[in-house]
Amino acid sequence: MSRRGWALFVVMSVIWGVPYLLIKVAVGTFDPVLVVFARCVLGAVLLVPLVVARGQLRGLARHWKPLLGFTVLEMTGPWLLLSIAEQTLSSSLTGLLVATVPFVAALAGRLVGGEEPLSAVRIGGMVLGVVGIVALLGLDVRGAQLVAIGAVVLTVLGYGTAPLIISRKLSDVPGVAASAVALTVTALVYAPFAVPRLDQFSGAPVDAVAAVVVLGLVCTALALVLFFQLIREVGPQRALVITFVNPAVAVLLGVLLLDEPFTVGIAVGLPVILVGCVLATRRTRTPEPVAVAPA
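Just so it is clear, the structure is predicted and the values come from calculations on it, not from any experiment. (Residues numbered from 1 in each chain as written. Predicted model: local features only at pLDDT ≥ 70, side-chain atom pairs only at ≥ 80, totals over all residues. Heavy atoms only, no water.)

Draft legend 1. The arrangement of the packing of aromatic side chains in detail. Summed over the entire model, instances satisfying the criterion amount to 1 aromatic pair. Consider the rings of Phe30 and Phe201, whose centres lie 4.5 Å apart with planes at 35 degrees: the pair is tilted. With a gap of 171 residues between them, Phe30 in the loop between helix H2 (19–26) and helix H3 (32–54) and Phe201 in the loop between helix H10 (175–194) and helix H11 (206–234) connect regions that are remote in the sequence. Owing to a relative accessible area of 2%, Phe30 belongs among the buried residues under this scheme. With relative accessibility at 28%, the residue Phe201 sits in the partly exposed group. (Phe/Tyr/Trp six-rings, centres within 6.5 Å; stacked < 30°, edge-to-face > 60°. Helix = DSSP H or I, 4+ residues; strand = E, 2+ residues; numbered from the N terminus. Buried < 20%, exposed > 50% of the residue type's maximum accessible area, 1.4 Å probe, protein only.)

Written as structure tokens, this is what we have:
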């Protein structure tokens, strides 16, 4: 991977490890719908003027179908589902479950005709990852959390397939423009439900308001721009390797700042899931062609 690729990888690993903490803080005060709406509005306010100034809105209409698909799979569905899930789940557990995104990406890439085969090593990595998830859920999860876990599963499905749309259908669309459109559409979808709840910001704790602001400006607007660049630099499956580091960041922040417990399930499941993810997305080496001397 190039230096630029590594730089984007490191930055994205940290930036998208933080949202689990911020969402947990935000939904403690605000309705999940309002959290999603606010982060989208803040992100759109930052990106739309930039896109207009660059003249990057021209020609986007012909890409409306893949743009809509990306919006639904990456934002409209997952962000609300995550916010709902974190009303019940810890930020640490949520981050660990989202670490399974590379499995979905690897399978989805193969199903739609990905060039890299699912080798024995990659299949073994997926199996190992499932073992880690079973260990994590079996040791930490109570029956009352099953609905929240289901919400995270749907989020994982969205996150795992959205990058394929970017690489296959939106390769010629500027990342900033696609992000701005997606944020605007998602904000409009949730506006009828969120606007009546805006009074929740009145007298809200400073930490909750700050969490929403950082979530919108840094973990949404800036992160999406960088994510598009990362996908184009290293490919969709390699880009999702950031989810190897995201859980560690989420666990660390949850334990240090939210006093979330470092449980047996995390201690057992985290390393197993991460090793499984590494193997599951390992690049398959193709043998070099053998030179044949002319007869």
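Draft legend 2. Expanded view of a nonpolar patch on the surface. Taken together, Leu46, Val213, Val214, Leu217, Val218 and Leu222 make up a surface patch of nonpolar side chains, about 410 Å² in accessible area. Considering each element in turn, the nonpolar patch owes the most residues, 5 residues, to H11. With respect to the element layout, Leu222 can be found in helix H11. By relative accessible area, which is 39% here, Leu222 ends up partly exposed. (Patch = residues over 30% accessible without salt bridge, like charges linked within 9 Å, V, L, I, M, F, W, Y side chains within 5 Å. Areas by Shrake-Rupley, 256 points an atom, 1.4 Å probe, with all protein chains shown as cover. Salt bridge = Lys/Arg side-chain N within 4 Å of Asp/Glu carboxyl O.)

Draft legend 3. Spotlight on the packing of helix H4 (residues 64–76) against helix H9 (residues 146–169). Packing of H4 against H9 leaves a shortest axis separation of 8 Å and a crossing angle of 155 degrees. When the axis of H4 is compared with that of H9, the two are roughly antiparallel. The two elements H4 and H9 cross, and the hand of that crossing is left-handed. Here Pro66, Gly69, Phe70, Leu73 and Glu74 of H4 lie close against H9, whose contacting residues are Gly158, Tyr159, Thr161, Ala162, Ile165, Ile166 and Lys169. Here the residues of the contact of H4 with H9 sort into 7 nonpolar, 3 polar and 2 charged. (Axes fitted to C-alpha atoms, helices over the stretch in contact; angles between N-to-C directions. Parallel < 35°, antiparallel > 145°, perpendicular 65-115°, else oblique. Left-handed = near helix turned anticlockwise from the far one by under 90°. Contact = heavy atoms within 4.5 Å. Nonpolar A, V, L, I, M, F, W, Y, C, P; charged D, E, K, R; others polar.)

Draft legend 4. Molecular detail of the environment of Leu80. Inspection of the secondary structure assignment puts Leu80 in helix H5 (residues 78–85). For the pair Leu80 and Val36, spaced 44 residues apart in sequence, the C-alpha to C-alpha distance is 6.1 Å. Apart from the residues lying within four places of it in its own chain, the contact partners of Leu80 are Pro32, Val33, Val36, Met75 and Tyr190.

Draft legend 5. View of the side chain of Thr71. Relative to the elements of secondary structure, Thr71 occurs in helix H4. Within the structure, the side chain of Thr71 is placed 2.7 Å from the backbone oxygen of Leu67, a separation counted as a polar contact. Excluding anything up to four places from it in sequence, Thr71 contacts Thr76, Ala182, Val185 and Thr186. (Polar contact = N/O pair within 3.5 Å; in protein donor to acceptor, adjacent residues only side chain to side chain.)

Draft legend 6. Molecular detail of H3. Here H3 contains 23 residues, and its C-alpha end-to-end distance of 33 Å stays within 8% of the 33 Å for a straight helix at 1.5 Å per residue. Within H3, the axis deviates most sharply at Ala44, by approximately 30 degrees. Of the residues flanking the start of H3, the one acting as N-cap is Asp31, its side-chain oxygen 2.9 Å from the backbone nitrogen of Val33. Immediately downstream of H3, the backbone of Gly55 shows phi near 70 degrees, a positive value. (Expected span 1.5 Å × (residues − 1). Bend = angle between axes of the 7 residues up to and from the residue.)

Draft legend 7. How the structure looks around the nonpolar core. One finds Phe70, Trp79, Leu89 and Leu183 to be the most contacted residues of the largest nonpolar core, which totals 72 residues. Element by element, the count of residues in this core is highest for H11, at 15 residues. Each residue touching Leu89, except ones within four places of it in the same chain, is listed here: Lys24, Thr94, Leu97, Gln145, Ala148, Ile149 and Val152. One finds Leu96, Val251, Ile266 and Leu270 within the second-largest nonpolar core, a separate group that totals 5 residues. (Core = buried A, V, L, I, M, F, W, Y, C linked by side-chain atoms within 4.5 Å.)

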